[in-house]
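Structural description and commentary
One-letter residues, chain by chain:
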Amino acid sequence: MQKWFVKSHHVDERYLWGIANGVGDNRFKLAVLCYQTKLPSAMLNILSKYNSNSFSMLVGTQIEDADSDTAIVRLIQELSKPKPDELEIASCTNEMLDTGIMMILSAFETLNEYKIPIHRAVLERSYQGARS
């Protein structure tokens, strides 16, 4: 067995997002998100549905959002039943997760394309809210 394979290296979790942002790859960012939130790696497949430029990601987000709106209505109807169907609940929540993930990745891609650090975008929003 080779030496490099025997010695395992561990990256402290507090550095994962810094590394992911440094790499600049949405698939890697999504992998970190899945790892930290314990989402199955199957969620990575959502990236193959759309091109990775910011405009395509925004269009994909809009499509996912429309699907999610329908899923939310279905979920409300299902949860109002005396015995909700777990498969329907899972289907609806999966659609909602897809939307949330697409929104996050689309925001990352847009910020990355325009070289705006994510912390600046978040702080700018907080600052604008305080001024209102």
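What you see is a predicted model, and the numbers here were worked out from it, not measured in a lab.

All right, on to the pattern of salt bridges then. For the coordinates displayed, the defined rule picks out 4 salt bridges. Between glutamate 64 and lysine 49 there is a salt bridge, with its nearest N and O atoms 2.8 Å apart. Taken together, the residues span a long stretch of sequence, with glutamate 64 in helix α4 (residues 54-79) and lysine 49 in the loop between α3 (26-37) and α4 at a distance of 15 residues. On the accessibility criterion, glutamate 64 (1% relative accessible area) is buried. With its nearest N and O atoms 3.0 Å apart, the salt bridge here joins glutamate 78 to lysine 81.

This part takes up the packing of α4 against helix α5 (residues 86-113). For the pair α4 and α5, interaxial distance at closest approach is 8 Å and the crossing angle is 155 degrees. Our classification of the angle between α4 and α5 gives roughly antiparallel. The two elements α4 and α5 cross, and the hand of that crossing is left-handed. Residues belonging to the contact of α4 with α5 are distributed by class as follows: 12 nonpolar, 9 polar and 10 charged.

A few words now on the packing of aromatic side chains. Aromatic ring pairs are defined here through the distance separating the ring centres and the angle between the ring planes. As enumerated under the stated definition, the model contains 1 aromatic pair in all. On the basis of an interplanar angle of 55 degrees and a centroid distance of 5.8 Å, the ring pair of tryptophan 17 and phenylalanine 108 is categorised as tilted. Separated by 91 residues along the polypeptide, tryptophan 17 in helix α2 (residues 16-23) and phenylalanine 108 in helix α5 bring together distant segments of the chain. Overall, tryptophan 17 belongs to the partly exposed group, its relative accessible area being 25%. By relative accessible area, which is 11% here, phenylalanine 108 ends up buried.

Formed by 13 residues in total, the largest nonpolar core has its most connected members in Leu30, Ile46, Leu47, Met57, Ile101, Met102 and Leu105. Those elements that provide at least two residues to this core are α3 and α5. Considering every element that reaches this core, the biggest residue donor is α5, with 4 residues. In this view, leucine 105 contacts Asn26, Leu30, Leu47 and Met57; residues no more than four positions away in its chain are not counted.

Quick look at α3 now. With 12 residues, α3 extends 16 Å between its outermost C-alpha atoms, agreeing within 8% with the 16 Å of an ideal straight helix rising 1.5 Å per residue. Those residues of α3 lying buried are Asn26, Lys29, Leu30, Val32, Leu33 and Cys34. Turning to α3, the residues buried within the fold contact α2, α4 and α5. Once α3 finishes, lysine 38 follows within two positions and takes phi at roughly 60 degrees, a positive value.

Conventions we followed
- Residues numbered from 1 in each chain as written.
- Predicted model: local features only at pLDDT ≥ 70, side-chain atom pairs only at ≥ 80, totals over all residues.
- Heavy atoms only, no water.
- Salt bridge = Lys/Arg side-chain N within 4 Å of Asp/Glu carboxyl O.
- Helix = DSSP H or I, 4+ residues; strand = E, 2+ residues; numbered from the N terminus.
- Buried < 20%, exposed > 50% of the residue type's maximum accessible area, 1.4 Å probe, protein only.
- Axes fitted to C-alpha atoms, helices over the stretch in contact; angles between N-to-C directions.
- Parallel < 35°, antiparallel > 145°, perpendicular 65-115°, else oblique.
- Left-handed = near helix turned anticlockwise from the far one by under 90°.
- Nonpolar A, V, L, I, M, F, W, Y, C, P; charged D, E, K, R; others polar.
- Phe/Tyr/Trp six-rings, centres within 6.5 Å; stacked < 30°, edge-to-face > 60°.
- Core = buried A, V, L, I, M, F, W, Y, C linked by side-chain atoms within 4.5 Å.
- Contact = heavy atoms within 4.5 Å.
- Expected span 1.5 Å × (residues − 1).

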